[in-house]
Every structure is written in C-alpha cells, then in structure tokens.
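Each chain, letter by letter, is given below.
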Amino acid sequence: MRRPGRSDPGRAEPRAVPGWHRRLRGVPLLPGTDRGAPAPPRYRPRGSRSSPVPTAGVPLLPGTDRGGPAPPPVPARGVRAMPGSRCPRPALPVLRWLPRYSRAWLPLDALAGLAVGLTAVPQALAYAELAGLPLQYGLYSSFMGCFVYCLLGTAKDVTLGPTAIMSLLVSSYAFQQPAYAVLLAFLSGCIQLAMGLLRLGFLLDFISCPVIKGFTSAASITISFNQVKNILGLQGIPRQFFLQVYETLRRTGETRAGDAVLGLSCLAALAGLRAMKSHLPQAVPTAPLAVRISHLIVWICATARNALVVLSAGLVAYSFQVMGCQPFRLTGSIPQGLPAFQPPRFSLAVPNGTVPFPSMVQDMGVGLAVVPLMGLLESVAIAKAFASQNGYRIDPNQELLALGVANVLGSFVSSYPITGSFGRTAVNAQSGVCTPAGGLVTGALVLLSLAYLTSLFYYIPKAALAAVIISAVVPMFDAGIFGTLWRVKRLDLVPLCVTFLLCFWEVQYGIVAGVLVSGLLLLYSIARPPIKVSEGAVLLVQLGSSLHFPAVEHLRASVCSRALAASPARSVLLDCSHVSSIDYTALLGLAELLQELHRHGLSLAFCGLQDPVLQVLLSADLEGFQHFPSREEAERSWGAELGGSRAEPLTSTAESTGLIQ
C-alpha cells in the first residue's frame, strides 16, 4: 500500500497548476511569487470519510470580525486522503500534517501568522482592559494557545486567545484580581480537559441557538457601552450595566474633547478599513507588478487595521507629549519581559489575612461552569464553521482537549481563560493559511512584543483601545434573529428574550435562565408528543415520536376519552412506527390502557413496532397484547377498512394551552 501524500512511481506526477491562489478570495498575490504548489492537507479525525460534514443547525457565536469575503475552499491537489478506517492515524494531530509539510506552504503560513499577530496584539491590550486586568495580562494570554493548538488542534484556521465574550465573563468572576483570573483559567482548563477525556462534548448541544444569540447580542451592547466611558474620557464609572448607563449619561458634561475626537476618529477609520476590505476585488495574477503591489498594500492595511489605528493614535499621543501637553488618557507603563513560568496561586494575600483556595472557588461560584462551557461552545462552533467552509473535518473531542490543555498551560504563564476567536480565525483563513503552523508565527510575534515593545505601549490612548473593542463586538449583535424566529418558530423567542434581558442584569443569570427555559420547552415537547387520530371502524392512533414516562398519562387519557366517547365505542389500533424507544413507566401506562379498554369490551393492538420496542413489550408479557407488522396486516385481521378514514390532530382542552407553535 502506498503511503498517502507520496508520489506514484508508476505514473508521471501531475504538473503543478500555477495560480491556485486565485481561489483564495481577498488574498493578494505576493509580488514575484507563484503559488502553484501542493495544497494544504485536509484534516480529518480517525475513522472519518473524505467528504465534509455539513454543519447545518450548529449555533455559531457571532464573531469579532465579519468583514471581508468568506474563507474559500482550499484545494487539495496532489494530496491523497488517508483512509481512517484502515490505516491507523497518529494520536497527536500535528503528526498528521507535519510529515507531509511542503516548503511551498511556509510563506503562506508565515503571512497568515503575521496578519493574525498584528490583529492579536492590539486586541489583547483592549481585551485586558475589558476584563478589568492590567494590560500585560492580555498579552500573557495570547501566545500559549497558539503554540498548544499547533500541536493538538484539528482545524488549520482556528486561533486561540482572549476574546470579547471571555473577557466579559472574566470581568464578572475574577473581580479585577489577576490571581482570580489566572486560577479561573486553570480550573476552566481542567474542566475542559476532563470533558474531552470523558467525551462529554454532547453537553454543549443543550445550549440552544436562541440562548447563544440572546447572550451574544446582550454582550455586544454591554461591552460597547462599557467602552463609552473611555471614548468620552470619563473615570470612576461603575461596572454594573444599569448604573453604568445612568452615571455615563449623568456625567456627559465632563467629556474630554481630546479623547472623544480621537475615539470617534478611530471608530470611523476602523469602519472604513473594514468596508474597504469587504469590497476589495480579487487579486489578478496577470496584472502589472505595480498593481499587484498596490493591491497587497491595501489588503495588509485593511487586514491589520487594528494595529494600524492603534499605532497612528500612539504617534499622535506621542507628538502631543513631546509638545508638553497631553489631551488623551494614556495606557501607561506595562511591565517589560516575558511572564514567569509558575503554577497559579491557590491562595490570595489580602491586607487583613489570606483568602484560601476553597474561598476563592466559592467566590467564583457558577463562573466555574459558565466560563468553561462558553469557551468550549465558542471554540467548537468556530472550528466546525470554518471546517465546513474549507472542506475538512475536525474532531470535537480533540478540540476540547486542545482548549483544556491551552488553558491549563496558559495559567502557568499568567493567562486568563481563552477560547477560539472568530475575528482572528477569519483573518487567518482569508490570509491563505495552510496548516496550524501559522500559529507559531502569531505566538512568536506576541512574545516579541512582550520582550521588546512594551515600552512603546505607554503612549497608546485608551480611547483608541476602546474603539478597537467596539469595532470588534458590534457585529456580534444580531438584530435579524428576532424577526427570523418570529417567522419560523415564535416559541423560541421566549428563551431568546429571557437570556437577552437577564444578561443586562448579570451574565450568569441570563445564561442559566435561558438554558432552563429551553430545557422546559424541550421537556414539554417530550411530555406532549404529537398524536393524530384516524376515525373509522376502529380508532387509529399515530404517535409522532418516542414514548417516555411524562407523556404516557396524556396518551392514556386522550385515547380512552376518544375511544369511549365514540358512538359506538371503538377499539384502538396504536401505530408505533415512529416510536424508537420506550421506558418502564410508559410500559406500565400501556398496561393500564389495555386493562381499561378490556373492561369496556374493547381491544388495543399495536402495529409498526420497531425491534427494540417490540422486544420490551414482549418481555413485559402484557395480558391481551396484540401486534401486527403493519397497518395492512391489522386491517386484514380485524376486517376493518381504514383507507378512507379522515385524519385529524388529536385535540383536547389540556392540549390547548395557548403556547405558540
């Protein structure tokens, strides 16, 4: 058997097709280079097929950067898929692509890593401000995930690091204390690692899309308004949302003109660069060299717009500092150098004593569930989305392991909790990244900034960082979801609105309440399965879903009332073709239904039973139990003609609860 990725000596190698980069929309051609090279490998988990998995229905957290064209499919000429069902796959994901790494992919990975790094550094400073931590902690949180994901991740596009959502959660549960934030990263990583090892990723499926949309839309408003104080140059504004709105509106007269002008100018520049990138035409390989260079310059400026705007604002602030006046509030001094590699602190020294580990865990409370779950949800949803767009597959449980290890190791370098970033992942994909090796360049750029550039961050105005955050989170607000749910499923507006409104009070209350409401709606659908009745010589009852104990009393009462109310009373044929499972309590309810109908001289028979359900019913040895393979067999046996019967939904006062279907 030939090894995947090797050439076949029995036939000539296919000639490399120059210009396959033309499929990468929005990615310019480097001057003087040709991208006629082998395409990056497709990543698939063990036992997967070569076809991509559609991700319809997967809730995607709105990202921080939706500008620009969508990442295109990546061609895979010259690379044969490794058949996972026959050939053993390496346990370490990096060993799946590293042996086949091509030198032609190196410049593309380096370019993508550089573009992501130029986005990551200013965002790290801004997100640390949002989390209520010293700004260096944003940089501490931005490099370990890049290195770990390169080894353990299964998606070539995903980048790990601080995000707006995670920073908002950290601000709620870390109490602006770095020790709490780092310990939260360690404990969240342990929980995520345990979930990956136990293959508990399915728990994320219980967080419905309306809950996610409600949370992210509320977070977009909360985060944006949280930065208004920095745009206006106000200080001493409380962090609670409603108090924040009141105090900001009350103190608008104290606005610093310099900060307001600079902040609004940065917002306008970021919006313009985003729009320019989204309308940037494709690179034409046959265009003159000057045109290609101009295209490359425009693309780099639009992609690295955060770094460009922050750098420009810093130069303006430095110019005023040299002239002896400073109209802006500056970031201030940031410690230079790399963080020490040490375990997180499991106690905290305070002026009147020490806070022990159990007390710190108690203080974080429900955050130990909310932070790791939201981190997993955000990262896995992003990985699935980009894997579907680019034609490869991921292993969700391996993604949980990668994120857990990244958070655990990150806590040893003073990182707060991290997750996948939609904005930086989009930049990575649009830059033409071929393998996860692009993260090495991003991590190296962050380390370089920590080692040598922190002294320059002193002059960055806080208004510029606030503009970066607002520009990143505004696309997270999805106003269209309200109209969509109104048209499609109005009942889903209930968890959406509950989550959206309560998140303005406290984030954890909104998420927990939304999940509980979604769970109650799910339980209601189980307790009241769809039931249809066909009236004829006998009463044909069709169950629309599996039969579990919350629904059996409803089924028994409905069938008895309809069968006995008919004139004359009719026997019942229960069509179970859609019932795939049944529990013991439901079995007892069916036995009671049989006995009650027998007391009135009526019969109950079953048809269309699936094998698992039939085995359960036969094992119970029900008195008077009859079953037929199909409805036709029952017709012939009972001599009934049901073909001309009319079908209508089974309705009753108990079912007309007023819930919007």
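Residues numbered from 1 in each chain as written. Predicted model: local features only at pLDDT ≥ 70, side-chain atom pairs only at ≥ 80, totals over all residues. Heavy atoms only, no water.

Visitor: I'm lost on the pairing of strand β7 (residues 572–575) in this one. Help?
Guide: Side chains on a regular strand alternate between the two faces of the sheet. The alternating pattern of β7 places V572 and L574 and L573 and D575 on opposite faces, both of which are buried. Relative to β7, strand β6 (residues 539–543) is paired through four bridges, and the arrangement is parallel. Opposite Q542, over in β7, you have D575 as the bridge partner. Here β7 pairs with strand β8 (residues 604–607) via four bridges, running parallel. By the bridge assignment, D575 is partnered in β8 with C607. (Buried < 20%, exposed > 50% of the residue type's maximum accessible area, 1.4 Å probe, protein only. Helix = DSSP H or I, 4+ residues; strand = E, 2+ residues; numbered from the N terminus. Pairing = 2+ DSSP bridges.)

Visitor: Sorry if this is basic, but what is going on with the packing of aromatic side chains here?
Guide: Aromatic ring pairs are described here by two measures, namely the spacing of the ring centres and the angle between the planes. The full count for this structure, using the stated rule, is 20 aromatic pairs. Aromatic side chains F186 and F346 sit 5.6 Å apart centroid to centroid with 85° between the ring planes, which places their arrangement in the edge-to-face category. A residue pair is termed long-range when its members are at least 10 positions apart, and F186 in helix α6 (residues 178–197) and F346 in the loop between α12 (305–322) and β2 (348–350) qualify at 160 residues. Classification of F346 as partly exposed rests on a relative accessible area of 35%. Site record: aromatic cluster; members linked through ring pairs are F225, F241, F242, F482, F500 and F504. For R490, the ring lying beneath its charged end belongs to W486, and the centroid distance is 4.1 Å. (Phe/Tyr/Trp six-rings, centres within 6.5 Å; stacked < 30°, edge-to-face > 60°. Lys NZ or Arg CZ within 6 Å of the ring centre and 35° of its normal.)

Visitor: So what exactly am I meant to see when it comes to the pattern of salt bridges here?
Guide: Two side chains with opposite charge may pair up if their charged atoms get near one another. For the coordinates displayed, the defined rule picks out nine salt bridges. Residues R251 and E254 are paired through a salt bridge, measuring 3.1 Å at the closest nitrogen-oxygen approach. With a shortest N-O distance of 3.4 Å, R631 and D575 are connected by a salt bridge. Of this pair, R631 sits in helix α25 (residues 631–638) while D575 sits in strand β7, and the two are 56 residues apart along the sequence. (Salt bridge = Lys/Arg side-chain N within 4 Å of Asp/Glu carboxyl O.)

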